[in-house]
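A look at the structure
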Amino acid sequence: MSTTILIAGTGKMGKSIGLYLLTRGNNVLWYSRSAERCESFEKNIGKHVRRLSSAGYQIAKPFFLSPESDCNSKVDVLIESIEEDISEKRKLLCTLIEASRPALVFSNSSSFLPEELHLGCTGLHFFNPVQITSLAELIFPKNCLSAKREEIITFVVENGLDFIPETDENAFAANRLLIPVQAEAVVLLREGVDPELLDIASCSPLIAQGQITLFKSIGVELICKSVLNYRKRAGKKEAVGLDIIQDGLMQCELERSGKCPTVPYSVEQLSRRFLYLLVNTCLHFRARGLLQQSQCNLILERVMGAECTVEKIVQREKASIISKTLQTWYKQTGRGYFQPCGLLC
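Report on the accompanying structure. (Residues numbered from 1 in each chain as written. Predicted model: local features only at pLDDT ≥ 70, side-chain atom pairs only at ≥ 80, totals over all residues. Heavy atoms only, no water.)

**Examining the overall build of the chain**
In terms of regular secondary structure, the chain is built from 16 helices and eight strands. Its C-alpha atoms give the chain principal-axis dimensions of about 60 × 50 × 40 Å. The buried share among the 345 residues of the chain stands at 53%. Long-range contacts, defined here as pairs at least 24 residues apart, represent 72% of the contacts in the chain between residues at least 6 apart. (Helix = DSSP H or I, 4+ residues; strand = E, 2+ residues; numbered from the N terminus. Buried < 20%, exposed > 50% of the residue type's maximum accessible area, 1.4 Å probe, protein only. Contact = heavy atoms within 4.5 Å.)

**A short note on the pairing of strand β2 (residues 27-31)**
Of all five residues making up β2, four are buried, and the element is well covered by its neighbours. Relative to β2, strand β1 (residues 4-8) is paired through five bridges, and the arrangement is parallel. Counterpart to L6 in the pairing with β2 is L29. Handedness of the crossover is the feature at issue here: the chain leaves β1, passes through helix α1 (residues 12-23), returns alongside β2, and the resulting connection is right-handed. Sheet topology places β2 next to strand β3 (residues 63-65); three bridges connect them, and they run parallel. Within β3, the residue paired with L29 across the bridge is F63. With helix α2 (residues 35-54) bridging β2 and its parallel neighbour β3, the resulting β-α-β unit is right-handed. (Pairing = 2+ DSSP bridges. Right-handed = clockwise from strand over helix to strand, strands pointing away.)

**Topic: the packing of aromatic side chains**
Within this structure, the stated rule accounts for eight aromatic pairs. Centre to centre, the rings of F172 and Y230 are 6.0 Å apart; their planes meet at 35°, and the pair counts as tilted. With F172 in the loop between β8 (162-166) and α7 (173-176) and Y230 in helix α11 (residues 220-233), the pair connects residues that are 58 residues apart, well separated along the chain. By relative accessible area, which is 0% here, F172 ends up buried. Among the residues examined, Y230 registers a relative accessible area of 6% and is labelled buried. Chaining the aromatic ring pairs together yields one cluster made of Y276, W329, Y337 and F338. Seen from the ring of F140, R149 lies directly overhead, with NZ or CZ sitting 4.0 Å from the centre. R288 extends its terminal NZ or CZ atom over the ring of F285, reaching a point 5.9 Å from the ring centre. (Phe/Tyr/Trp six-rings, centres within 6.5 Å; stacked < 30°, edge-to-face > 60°. Lys NZ or Arg CZ within 6 Å of the ring centre and 35° of its normal.)

**Regarding the sheet that holds strand β6 (residues 121-126)**
One open sheet holds the eight strands; their spatial order is β3-β2-β1-β4-β5-β6-β7-β8, and the pairing between them is mixed. Where the open sheet ends on each side, the last strands, each with one partner, are β3 and β8. When the angles between neighbouring strand axes are averaged without regard to direction, this sheet yields 25°. Here strand β4 (residues 77-80) pairs with strand β5 (residues 104-107) via four bridges, running parallel. (Axes fitted to C-alpha atoms, helices over the stretch in contact; angles between N-to-C directions.)

**So, the environment of L93**
Mapped onto the fold, L93 is located in helix α3 (residues 86-100). For L93, a relative accessible area of 1% gives the class buried. For L93 and V105, which are twelve residues apart along the polypeptide, the C-alpha to C-alpha distance reads 8.6 Å. Those residues in contact with L93 that sit more than four places away from it in its chain are L78, E80, V105, L117 and H118.

**Topic: the layout of surface pockets**
Put simply, the largest pocket is a space of about 1,000 Å³. Taken together, 37 residues line the largest pocket, and the ones lying closest to its centre are M13, H125, N175, I218 and L222. For the lining of the largest pocket, the secondary-structure elements that each account for two or more residues are α1, β6, α7, α8 (179-191), α10 (211-218) and α11. No other element matches α11, which puts five residues into the lining of the largest pocket. In the lining of the largest pocket, the residues fall into 17 nonpolar, 15 polar and five charged. Estimated volume of the second largest pocket: approximately 260 Å³. Around the second largest pocket, the lining is made up of 15 residues, and of these P180, K237, E238, R288 and Y337 lie nearest the centre. Elements supplying a minimum of two residues to the lining of the second largest pocket: α8, α12 (236-248) and α13 (267-287). (1 Å grid on protein atoms, 1.4 Å probe; cavity = no way out; pocket = protein on both sides within 12 Å on 5 of 7 lines; lining within 4 Å. Points joined across faces, edges and corners; volume = space filled by probe spheres on them. Nonpolar A, V, L, I, M, F, W, Y, C, P; charged D, E, K, R; others polar.)

**Some remarks on the pattern of salt bridges**
Inspection of the entire model under this criterion finds 16 salt bridges. Between D168 and K142 there is a salt bridge, and its shortest N-O distance comes to 3.5 Å. With D168 in the loop between β8 and α7 and K142 in the loop between β7 (135-139) and α6 (146-158), the pair connects residues that are 26 residues apart, well separated along the chain. On the accessibility criterion, K142 (58% relative accessible area) is exposed. Via salt bridges that share partners, R33, E83, E88 and K91 belong to a single interconnected network. (Salt bridge = Lys/Arg side-chain N within 4 Å of Asp/Glu carboxyl O.)

**Observations concerning empty space enclosed by the protein**
All told, the structure shown has one cavity of 30 Å³ or more when counted by the stated rule. L178, V181, S202, S204, I207, F274, L275 and L278 are the residues that line the largest cavity. Of the residues that constitute the lining of the largest cavity, the class distribution is six nonpolar, two polar and no charged.

**Looking at the environment of K225**
Within the secondary structure, K225 is located in helix α11. Judged by relative accessible area, K225 falls into the partly exposed class, the value being 33%. For the pair K225 and G56, spaced 169 residues apart in sequence, the C-alpha to C-alpha distance is 40 Å.

Interpretation note: all reported values are geometric properties and have no functional meaning in isolation.
Here it is as structure tokens:
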């Protein structure tokens, strides 16, 4: 028996989530808060549905709803995926839960804890494109009953998703792994380093996309909103990078503007800095019990496009050299995210 899923949101992520779930044999309904947007989205989805059908997928006809539609049809699962605005998320969840009475309620928020949005809501943070990553962070609300937890896990697994189970402490770990790397990119941009140079240098065997490209693709405003939410829950060490991003990213020029000033860094030096920093952050997450080794490598592979594991980098570069280099940078800059993890000793 197929599951009826209501996707609240017709943006990039709502589209990707819904199309993926269609390929898993579900009945999918999309909800938009704008009737005009709903109409144009329906036309766009039609092209994708035809393409998937031609590729051999058995696709159920999707349906599209707006405030002008009858939204009182019963659904099994509700997945919220709108902009990172807590009041809008709360209002929409209340409206749709009352109207559709779903058994399971998920939020695809990238920074709000599920209990901040609605009681009974579970975080299900996807990564775009869902068809390729097939991975989600599963953030269980406090006091989630074991029977409900099993029901949630069953839904995720039956839809072919690997997942990282998370709580308030390690919620949104995939995004938070990049905080020190992004903070260092902001520092270097403000020092006048060429954005194009930084973009090249911040690619590595552990991350396929440069940080400037990432800033542009996600959007500076969304990154800053998420960082603000992470900052409310962050410990002292993690706050260092979050504060740098929050205070500096909005002022950064992400495009080259004329001739960049000469800075004392080569691509090789910058590449090593970004690589060692990401290795160190991954190890800190492991040492603090926030992620297991396999979970960390799964995030790096599926979300960041890693070509190898942290362990292989440490083996190649030598733990003692990485530790010594990080310690030098920490003494030079005072930035806490350079403090070497004890696992390197």
